[in-house]
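Next come the chains, spelled out residue by residue.
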There are 2 protein chains.
Amino acid sequence: MRNFVIKGNLCYSESVDAVRLLPESYLVVENGTCAGIFNELPEKYQVWPIEDFGDKLIIPGITDLHVHAPQFSFRGLGMDMELLDWLNTYTFPEESKYRDMEYAERAYDSFVKHLRRSATTRAAVFATIHVPATTMLMEKMEKSGLVSCIGKVNMNRNSPDYLCETSVEAALEDTERWICETKDRFGNTYPIVTPRFIPTCTDDLMHGLRKLVEKYKVPVQSHLSENYGEIAWVKELCPDSKCYGDAYDRYGLFGGDHKCIMAHCVHSCDEEMELMKKNGVYIAHSPLSNSNLASGVAPISKYLKNGLNVGLASDVAGGDSENMFLSIGHALRASKLRWRLLDQEVKPLTVDQAFYTATLGGGSFFGKVGSFENGYEFDAIVLDDSELDHPQELTLRARFERALYLSDDRQIAAKFVRGERLF
Amino acid sequence: MRNFVIKGNLCYSESVDAVRLLPESYLVVENGTCAGIFNELPEKYQVWPIEDFGDKLIIPGITDLHVHAPQFSFRGLGMDMELLDWLNTYTFPEESKYRDMEYAERAYDSFVKHLRRSATTRAAVFATIHVPATTMLMEKMEKSGLVSCIGKVNMNRNSPDYLCETSVEAALEDTERWICETKDRFGNTYPIVTPRFIPTCTDDLMHGLRKLVEKYKVPVQSHLSENYGEIAWVKELCPDSKCYGDAYDRYGLFGGDHKCIMAHCVHSCDEEMELMKKNGVYIAHSPLSNSNLASGVAPISKYLKNGLNVGLASDVAGGDSENMFLSIGHALRASKLRWRLLDQEVKPLTVDQAFYTATLGGGSFFGKVGSFENGYEFDAIVLDDSELDHPQELTLRARFERALYLSDDRQIAAKFVRGERLF
């Protein structure tokens, strides 16, 4: 039964720059999809089940557009290095443990449990190179009720022996078998082709992955222009490319005929920006990670102004928490520091823009997701802000803004994904 | 009865740059003061009450060296402006409400309740210009068991009519009466002279406050070099001063013969830095606030290297939360962005340095506070990190680091101030 009505204070993005706030309104959900918002409930819906959330806030579910499931185990640890050293010192050793299915089971149980309890309803997830553990993660995510794309990672060079696909053929065979086994198996969980990033993938691996993208119509996710050392390295590895993004594009792994997420884009040049726009690439903005690893701050308001697709991301464990409210707050702060310290041409993000990236901006990667407008899949978070106490009456606008800055999972009173109630 | 022994994993700063980690150790507390740490408990203490906190982490209580109690009511709101506009638009109207004792009662109850539950054991607090509400706040803080300095604010120019002390004489009389009434009244709560900042205080008010500092041997707190517009304004108002800090010093309100806290110091020049060092001024580093209001990032590792006194601060409501763990995490992130975006001469903070500022750095303002070494007053937070789950064994070092990044009040299993257990 997915026909019902909910009532509460509805808050969702009507555009990149503006939030619509509808106090004490009815939202009709028909077959899991938003089918109308009303001040007074029309008679035809009055026989439908109605859940009245009273004075609570109801926002679209949040999309975490870039998160590393196997890194959840070391969130909040080892962020005293920049990207490339951090990968070698902390990340690769941890990811190698996922060849052990017992370890993977414990670790992914913890990840999925926390994600289910969080504000995240949709996620684009990196797993590891290991097919069995990746498939297990997909099974667990499917059970959670969340919607996700999950990627078996590919990496076959500049990687430690204990975490490296030594044969390109075997890597591509593994990946193809995994895609075939998982692509129609689940209701809410999909495979996504996931080359780690250019420094760890040879040309022939990348060309092979492109063929899989074409053959199976699957999306792509990777990393782009996160860190100066990384960018210089890609320039060495791909001397003919005009920029890092162009190098992906030459492999056919940069959107255009397929959906594509590129995490970070902290230091993208104008050419890269144009290419992302042309190809409809999704930027997964990961502000906590980009600060923790001293990468910098992506010029998000510029990307938004130029019409690029931007979603927000935790990037656990470069980011230290799965709580996407922390990413919203930090996206705002980081954009202000960028403006103050580096470049007053790029304006700080507004609260409305940050909220947009967390909901509709990233949600649209999954289709009509991230809004309460008619036709959008009904993903929602019900926020009880009563513990965020205050001595005076607050407007709905003020409550909305406070809730974004101050919420954690204690404020989440209910969660819906595709019209199903998770709790 | 304040003689007892606690057992657990002790973590405290042994210097600015290093944390000492003592697994499964006994800490003897004699008359509220740390009196020895042992692997094996000496026989003479074995008859004392022992509380065994098992595998939990025990850290010194945290000092919030700068927090505005009346602004707690609008934490997480209205951070879309820089300092001077923010004061006029959000802060001053809110602070004017504290003339109403009913409002003040509701608001301060909320503030004190949250602070008591938080990791903060000591605080330097701004109230408002209103004596009755300030005294009420002191009564509530005293009841909470926390230790604090609380300031009735002085401001008599460039302030809206509804929040301005129009007569200098009355302002000084009010302040003196309030100091006399409160300075010996409480066990844990002390008055602190609190000119808001130079732009809102005339010369004669400042000279009068200096006399009160001398006469009653009370400390001073104010704001310094937070924002470019503010600094330029002070230069206009005090054209003879060499710098903003020098202007305070010429009033005799910048340490030396009295204890003094200056919040922010984001843009302090070398001369100001030297003067702070000479006078033993405490810098209240407020990283969340300095990002939220786009002020910038103070060069904290440089201040520490130069031997200045630095404590950490929430600066609610420029900072959006009283949770000092968020300030620790953000101090680290902001220092990395400062390094990346502005100035690679000033190194990012380390976890150990950030922890130092939150404990011993700010605690020393209150005396022998912020450490478990012999002779230090026993303020402590017991952290239960079991809900921060993970699939593998973690070292004590890793658990300590994670707990700083990921904790909120849910992790606080027990709290002690001056040897008294609050919960």
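Everything here concerns the structure above.
Conventions adopted
- Residues numbered from 1 in each chain as written.
- Chains lettered and ligands numbered in written order.
- Predicted model: local features only at pLDDT ≥ 70, side-chain atom pairs only at ≥ 80, totals over all residues.
- Heavy atoms only, no water.
- Helix = DSSP H or I, 4+ residues; strand = E, 2+ residues; numbered from the N terminus.
- Rg over C-alpha atoms; globule rule 2.2 N^0.38 Å.
- Buried < 20%, exposed > 50% of the residue type's maximum accessible area, 1.4 Å probe, protein only.
- Contact = heavy atoms within 4.5 Å.
- Areas by Shrake-Rupley, 256 points an atom, 1.4 Å probe, with all protein chains shown as cover.
- Lys, Arg positive; Asp, Glu negative; His and termini not counted.
- Charge placed at Lys NZ, Arg CZ, Asp CG, Glu CD.
- Salt bridge = Lys/Arg side-chain N within 4 Å of Asp/Glu carboxyl O.
- Polar contact = N/O pair within 3.5 Å; in protein donor to acceptor, adjacent residues only side chain to side chain.
- Nonpolar A, V, L, I, M, F, W, Y, C, P; charged D, E, K, R; others polar.
- Least-squares fit on C-alpha atoms with pLDDT ≥ 70 in both.
- Pairing = 2+ DSSP bridges.
- Axes fitted to C-alpha atoms, helices over the stretch in contact; angles between N-to-C directions.
- Arc of directions from axis to C-beta.
- Expected span 1.5 Å × (residues − 1).

With respect to the overall build of chain A
Scanning chain A from terminus to terminus reveals 13 helices and 17 strands. In terms of overall dimensions, chain A is globule-like: its C-alpha atoms have a radius of gyration of 21 Å, near the 22 Å expected for 423 residues. Taken along the three principal axes of its C-alpha coordinates, chain A extends 65 × 50 × 40 Å. In chain A, which comprises 423 residues, the proportion classed as buried is 68%. Relative to all contacts within chain A whose residues are 6 or more apart in sequence, the contacts with residues 24 or more apart total 75%. Carbon and sulfur atoms make up 47% of the accessible area of chain A, which amounts to about 14400 Å² in all. If you average the places of the 46 positive and of the 61 negative side-chain charges in chain A, the two averages end up 2 Å apart.

Concerning the interface of chain B and chain A
At the interface, 51 residues of chain B touch 52 residues of chain A. Our count for the chain B to chain A interface comes out at 12 salt bridges. Among the ionic pairs, R75(A) bridges to D389(B), the shortest N-O distance being 3.9 Å. Our enumeration of links across chain B and chain A arrives at 30 residue pairs in polar contact (both at pLDDT 80 or more). When contributions to the side of chain B that touches chain A are tallied by element, the ones reaching two or more residues are α2 (101-117), α9 (287-292), α11 (324-341) and α13 (396-406) of chain B. Ranked by the residues each element gives to the side of chain B that touches chain A, the list is headed by α11(B), at 10 residues. Class assignment of the residues belonging to the side of chain B that touches chain A gives a composition of 20 nonpolar, 13 polar and 18 charged.

Observations concerning the pattern of salt bridges
Applying the stated criterion to the full structure yields 66 salt bridges over all chains. A salt bridge links R196(B) to E95(B); the shortest N-O distance between them is 2.8 Å. Of this pair, R196(B) sits in the loop between β10 (194-195) and α5 (203-216) while E95(B) sits in helix α1 (residues 83-96), and the two are 101 residues apart along the sequence. Among the charged side chains, a salt-bridge network with shared partners connects D408(A), D409(A), R410(A), D408(B), D409(B) and R410(B).

A word on the environment of P287(B)
Residues and elements named next belong to chain B. Along the polypeptide, P287 turns up in helix α9. With relative accessibility at 2%, the residue P287 sits in the buried group. Taking the C-alpha atoms as reference, P287 lies 9.3 Å from V266; in sequence the two are 21 residues apart. Each residue touching P287, except ones within four places of it in the same chain, is listed here: L312, A313, S327, H330 and A331.

As for the relation of the copies chain B and chain A
Mapping chain B onto chain A calls for a rotation angle of 180° and an axial translation of 0.0 Å; the resulting RMSD is 0.0 Å. Taken together, these values place the two copies in the relation of a two-fold axis. Taken as a fraction of all interface residues of chain B, those also at the interface in chain A reach 100%, which identifies the copy contact as same-surface.

A few points about the sheet that holds strand β9 (residues 189-191) of chain A
Residues and elements named next belong to chain A. An order of β5-β6-β7-β9 is seen for the four strands of this open sheet, with the pairing classed as parallel. Each of the sheet's edge strands pairs with one partner strand only, and the pair in question is β5 (62-68) and β9. Taken pair by pair, the neighbouring strands of this sheet meet at an average axis angle of 20°, ignoring direction. Relative to strand β7 (residues 147-151), strand β6 (residues 120-126) runs parallel, the two sharing five bridges. By the bridge assignment for β7, R122 is matched with V147. Relative to β9, helix α4 (residues 168-182) is tilted by about 155°, and along the sheet it contacts β7 and β9.

Looking at the sheet that holds strand β6 (residues 120-126) of chain B
Residue and element names in this part refer to chain B. Strand order across the open sheet formed by four strands is β5-β6-β7-β9, with parallel pairing between neighbours. At either margin of the open sheet sits one strand with a lone partner, and together these are β5 (62-68) and β9 (189-191). When the angles between neighbouring strand axes are averaged without regard to direction, this sheet yields 20°. Sheet analysis places strand β7 (residues 147-151) next to β9, joined by three bridges and oriented parallel. For C149, the partnering residue across the bridge sits in β9 and is Y190. Running at roughly 90° to β5, α11 makes contact with β5 and β6 of the sheet.

Comments concerning the side chain of D352(B)
Residue and element names in this part refer to chain B. Counting through the fold element by element, D352 comes out in helix α12 (residues 351-363). Looking at D352, its side chain comes within polar contact range of the main-chain nitrogen of V19, at 3.1 Å. Not counting the four nearest positions on each side in its chain, D352 is found in contact with V16, D17, A18, V19 and R397.

Side note on the side chain of D379(B)
Residues and elements named next belong to chain B. When you line up the elements, D379 lands in the loop between α12 and β15 (380-383). For D379, a relative accessible area of 2% puts it in the buried group. Only 2.9 Å separates the side chain of D379 from the backbone nitrogen of R418, close enough to count as a polar contact.

Digging into the environment of P199(B)
All names here are of chain B. Relative to the helices and strands, P199 is located in the loop between β10 and α5. The buried category is assigned to P199, whose relative accessible area is 0%. Placed 153 residues apart in sequence, P199 and Q46 show a C-alpha to C-alpha distance of 58 Å.

Quick look at helix α8 (residues 270-279) of chain B
All names here are of chain B. Within the sequence span of α8, burial applies to E272, M273, L275, M276 and N279. Looking straight down α8, one finds that the buried residues subtend no more than 165° of arc, so they occupy a single side. α8 presents D270 and K278 as exposed residues on the side facing more than 90 degrees away from its buried surface. Lining the buried residues of α8 we find β11 (220-224), α7 (244-251), β13 (282-285) and α10 (300-305).

A short note on α2(B)
Residue and element names in this part refer to chain B. Helix length check: α2, at 17 residues, gives a terminal C-alpha distance of 24 Å against a target of 24 Å (1.5 Å per residue), a fit within 8%. Every buried residue belonging to α2 is among Y103, A104, A107, Y108, S110, F111, V112, H114 and L115, and all of these are buried. Buried residues in α2 make contact with β5, α1, β6, α3 (131-144) and β16 (412-417). If you check the start of α2, you find a side-chain oxygen 2.9 Å away from the backbone N of E102, and it comes from D100.

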